[in-house]
Amino acid sequence: MFGSLNFPFTLGNFTIIFSLLLIALQILILRKNFKIENILQIPVSIAFGYFIDLTMYLFFWVNPQNYFMKVIALLLGCLVLGFGVYIEVVADVVMLPGESFVRAIVQTWHTNFGTTKIIFDSSMTIIAGVLSFIFSGRLNGVREGTVIAALLVGFIARLFGKKLEFVKPYLFLEEYRNETQTSDKSNAEENTAHKNVIIIGRQYGCGGHDVGKALAEKLGYEFYDQEIIKMIAGTTGMTSEFIRRKEETMTNSLLYDFVNQMYLYGSREEEAPKDKIFEAESNVIKDLAKKGNCIIIGRCSDYILREHKNVLKIFLSAPLETRIKRIMQKLNITSKEAEQQIRKEDKRRADNYRYYTGRIWGMSASFDLALNTELGMEYIEECVQKAL
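All values derive from a computational prediction rather than experimental measurement.

1. Concerning the nonpolar core
Among the nonpolar cores identified, the biggest contains 30 residues, and V197, I228, I232, I243, L288, I296 and L305 are the most heavily contacted of them. Secondary-structure elements contributing two or more residues to this core are strand 1 (197–202), helix 11 (227–236), helix 14 (273–291), strand 3 (294–297) and helix 17 (335–357). At seven residues, the largest contribution of residues to this core is made by helix 14. Look past the residues within four positions of I232 in its chain and what remains in contact with it is I243, I277, A280, E281 and V284. Of all hydrophobic cores here, the second largest spans 23 residues; its members include I23, V153, I156 and L264.

Listed below in structure tokens is the structure:
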């Protein structure tokens, strides 16, 4: 917008020029690593620029004077642009030069995609503001709307990605058909007469870890809880401590999407750290389920293995008073502090579960057995043995 206001170019013309500059910079940065298919950015950028001018011509009559109406128009524009970005990402054919330029920096200097994207977007806004003062003596073309659009478009696109996930099998029929056939073949090979994988979801403080470990010893099964963290540490490049802090915690799903919207444009290797952890854990859990004879604790395992026939899904709970006593002894804290900790951890697990599964945490329909750990280990073992 700044360029079109201070130079004899339309907004679309300036977008094309700036895009071509970014493509040239990509060539300089990547050199021999610049792939031939990246040349597609040129026709896409030209088409994008002319469509901007065409749209501005078609909507010349939209010129709200009231500030409130301007905000409404801005939000509608962000919604349309966010949907466009979602389509671009789903198609996965070519990126616009802005995002591709960031990816070139990441690939060359091995920086974090999210951080680099934030720095790039912030730098463009600051530079536009400074140049506006230099050329016109005032802030022109860069105001609160610029900042709002920069913050909202990626966030909206990420929300579209979540809400429209069900559309992908229809868009990429062949890819999903192959996955389904592979999954069906894997399920057909499972011994459906015997459930040799036990999944345990649990309330915080109910003793789910101890129950799972005792069951594993009783059945002669492998036991996986913190062990999964060690398994994925190597594949993700993250430390075990970082993974332990990040997994199964979600303070606010909308805030999470808002903060991590910049990862929308990245490749699979450039996912948001928490998303990358969840995907790595999902792969490990699926591999463990194929081997069988194991007990897996938490990590949305009931959802990840929802199609597997040899899985017994259990959810463990206990009265709040019992959980408070357990946490008081474990952490050496007061009753009030223990209750606060329990409510906090339960909420985090519930939010994390809902974010990645779209389901309600602890809902009976997701499990085969729901057991109160206060009933005792002997009773739980008996129920599990009968259900296997």
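2. What about the sheet that holds strand 4 (residues 311–317)?
Pairing is parallel across the open sheet formed by five strands, whose spatial order is 2-3-1-4-5. Two strands in the sheet have a free side with no partner beyond their single neighbour: strand 2 (222–224) and strand 5 (369–372). Neighbouring strand axes in the sheet, compared pairwise and without regard to direction, differ in orientation by 20 degrees on average. The pairing of strand 2 with strand 3 spans three bridges and is parallel. Bridging across to strand 3, F223 finds its partner in I295. Packing of helix 18 (residues 377–387) onto the sheet brings it into contact with strand 1, strand 4 and strand 5, and relative to strand 5 it is tilted by some 170 degrees.

3. Quick look at helix 16 (residues 320–331)
Its 12 residues place the ends of helix 16 16 Å apart at the C-alpha level, agreeing with the 16 Å of an ideal helix rising 1.5 Å per residue. Among the residues making up helix 16, those that are buried are R323, I324 and I327. Looking straight down helix 16, one finds its buried side chains confined to an arc of 105 degrees; they lie on one side. Exposed side chains of helix 16 directed beyond 90 degrees from the buried face belong to E321, K325 and Q329. Positioned one or two residues after helix 16, N332 has a phi angle of 55 degrees, which is positive.

4. Details of the side chain of D302
Here D302 is to be found in helix 15 (residues 301–304). Using a relative accessible area of 4% as the deciding quantity, one classes D302 as buried. Non-local contacts of D302, meaning those with residues more than four positions away in its chain, are made with I199, K313, Y353, R359, S366 and F367.

5. Remarks on empty space enclosed by the protein
One pass over the full model with this rule turns up two cavities of 30 Å³ or more. If you add up the space inside the largest cavity, you get close to 110 Å³. In terms of lining, the largest cavity is formed by 15 residues, of which the most central are E248, G298, C300, Y353 and W361. Mapped by element, the contributors of at least two residues to the lining of the largest cavity are strand 1, helix 15 and helix 17. With four residues, strand 1 is the single largest residue contributor to the lining of the largest cavity. Classifying every residue of the lining of the largest cavity gives six nonpolar, four polar and five charged. In this structure, the second largest cavity spans a volume of roughly 60 Å³. Around the second largest cavity, the lining residues are E247, E248, K274, I277, F278, E281, R299, C300, N352 and Y356. If you list the elements that add at least two residues to the lining of the second largest cavity, you get helix 14 and helix 17.

6. Notes on the packing of helix 5 (residues 97–109) against helix 6 (residues 113–136)
It is the contact of helix 5 with helix 6, at a shortest axis distance of 10 Å, that shows an interaxial angle of 130 degrees. By the criterion of interaxial angle, the relationship of helix 5 to helix 6 is oblique. By crossing handedness, the relation of helix 5 to helix 6 is classed as right-handed. Here G98, E99, F101, V102, R103, I105 and V106 of helix 5 come into contact with helix 6, specifically with F113, T116, K117 and F120. When its residues are assigned to classes, the contact of helix 5 with helix 6 shows six nonpolar, two polar and three charged.

7. Details of the pattern of salt bridges
Here the structure, examined in full by the defined rule, presents 18 salt bridges. With a closest N to O distance of 2.9 Å, R299 and D225 form a salt bridge. Residue R299 is located in the loop between strand 3 and helix 15, and its partner D225 is located in the loop between strand 2 and helix 11; the two are separated by 74 residues in the primary sequence. Neither R299 nor D225 differs from the other in exposure class; each is buried. Its salt-bridge partner being D346, residue R323 comes within 2.7 Å of it at the nearest N-O pair. Placement of R323 in helix 16 and of D346 in helix 17 is noted, with a sequence separation of 23 residues between them. Side by side, R323 and D346 carry an identical accessibility label, which is buried. Each of R158, K162, D257 and D275 takes part in one network of salt bridges that share partners.

Scoring rules and cut-offs
Residues numbered from 1 in each chain as written. Predicted model: local features only at pLDDT ≥ 70, side-chain atom pairs only at ≥ 80, totals over all residues. Heavy atoms only, no water. Core = buried A, V, L, I, M, F, W, Y, C linked by side-chain atoms within 4.5 Å. Buried < 20%, exposed > 50% of the residue type's maximum accessible area, 1.4 Å probe, protein only. Helix = DSSP H or I, 4+ residues; strand = E, 2+ residues; numbered from the N terminus. Contact = heavy atoms within 4.5 Å. Pairing = 2+ DSSP bridges. Axes fitted to C-alpha atoms, helices over the stretch in contact; angles between N-to-C directions. Expected span 1.5 Å × (residues − 1). Arc of directions from axis to C-beta. 1 Å grid on protein atoms, 1.4 Å probe; cavity = no way out; pocket = protein on both sides within 12 Å on 5 of 7 lines; lining within 4 Å. Points joined across faces, edges and corners; volume = space filled by probe spheres on them. Nonpolar A, V, L, I, M, F, W, Y, C, P; charged D, E, K, R; others polar. Parallel < 35°, antiparallel > 145°, perpendicular 65-115°, else oblique. Left-handed = near helix turned anticlockwise from the far one by under 90°. Salt bridge = Lys/Arg side-chain N within 4 Å of Asp/Glu carboxyl O.

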